[in-house]
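# Observations on chain architecture
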Amino acid sequence: MNLPNILTLVRLGFIPILVAVFYLPGDARLYLTALIFLMAAATDLIDGYIARRRAQITNLGKLLDPVADKLLVMTALILLVESGKLWAWVAILMIGREIAVTGLRAMASSTGIVLQADGMGKLKMFFQVIGITVLFVSGPSEHHALWVIGSVMLAAAVMLAVVSGGQYTLKVGQMFSLPKPQR
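### Remarks on the confidence of the model for the chain
On average, residues of the chain carry a pLDDT of 87, and 93% of them reach 70 or more. Here helix α6 (residues 144-176) stands out as the element of the chain with the lowest mean pLDDT, 87, in contrast to helix α1 (residues 3-22), whose mean of 94 is the highest.

### Some thoughts on the pattern of salt bridges
Note that side chains of opposite charge can pair when their charged atoms are close. A complete count under the given rule lists 7 salt bridges for this structure. For D44, the salt bridge identified is with R11, shortest N-O distance 3.7 Å. Of the two residues, D44 is situated in helix α2 (residues 28-53) and R11 in helix α1; the sequence distance between them amounts to 33 residues. For R11, a relative accessible area of 0% corresponds to the buried category. Ionic pairing is found between E98 and K124, a salt bridge with its closest N-O pair at 2.7 Å. Placement of the pair is E98 in helix α4 (residues 88-109) and K124 in helix α5 (residues 119-137), with a sequence separation of 26 residues. Residue E98 is classed as buried on the basis of its relative accessible area, which comes to 5%.

### As for the packing of aromatic side chains
All chains considered together, the criterion is met by 6 aromatic pairs. Centre to centre, the rings of F37 and F136 are 6.0 Å apart; their planes meet at 65 degrees, and the pair counts as edge-to-face. Of this pair, F37 sits in helix α2 while F136 sits in helix α5; the two residues are 99 residues apart in sequence, bridging distant segments of the chain. In terms of burial, F37 and F136 fall into one category: buried. When the centroid spacing of 5.7 Å and the interplanar angle of 90 degrees are considered together, the rings of W87 and W147 count as edge-to-face.

What counts, and where the lines are drawn
Residues numbered from 1 in each chain as written. Predicted model: local features only at pLDDT ≥ 70, side-chain atom pairs only at ≥ 80, totals over all residues. Heavy atoms only, no water. pLDDT = per-residue confidence, 0-100. Helix = DSSP H or I, 4+ residues; strand = E, 2+ residues; numbered from the N terminus. Salt bridge = Lys/Arg side-chain N within 4 Å of Asp/Glu carboxyl O. Buried < 20%, exposed > 50% of the residue type's maximum accessible area, 1.4 Å probe, protein only. Phe/Tyr/Trp six-rings, centres within 6.5 Å; stacked < 30°, edge-to-face > 60°.

Have a look at this one:
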């Protein structure tokens, strides 16, 4: 197993730690949760960089990397909803988009085509990571400005998620569209 795949597995391993720390008592857990989330998200950047730089892109990595990303983000969104820092409809929309894109990628993969994340998807991930991190550290009313900043970042991520999800849908739709009948 190569280093990028190991880093992806490390990202998956961060998820139960993130959840456990989130439920610790005290306000320090907010900062520790944010730090763990950021460290886990950073492994995504690092594993992708190493895989491209060393030409270590594998089929296992192509499968595990997006799964690890989605599980990490979905877990964080659910924790934020539970803590009252994020509206459920935002999490539902973002999680639904992630599941739909995974399905579209699977459809494309069935024809031998790999749909990799494009620039808009990467930008969406950036806004998600920053927004989630800021929301984790936002506490009660004295941190209201942090909640607003985190919410604005996630709103940008939602817009990008909807647009990029639509782009994935169009790409896959074009791949599977039936030829028009001859007249």
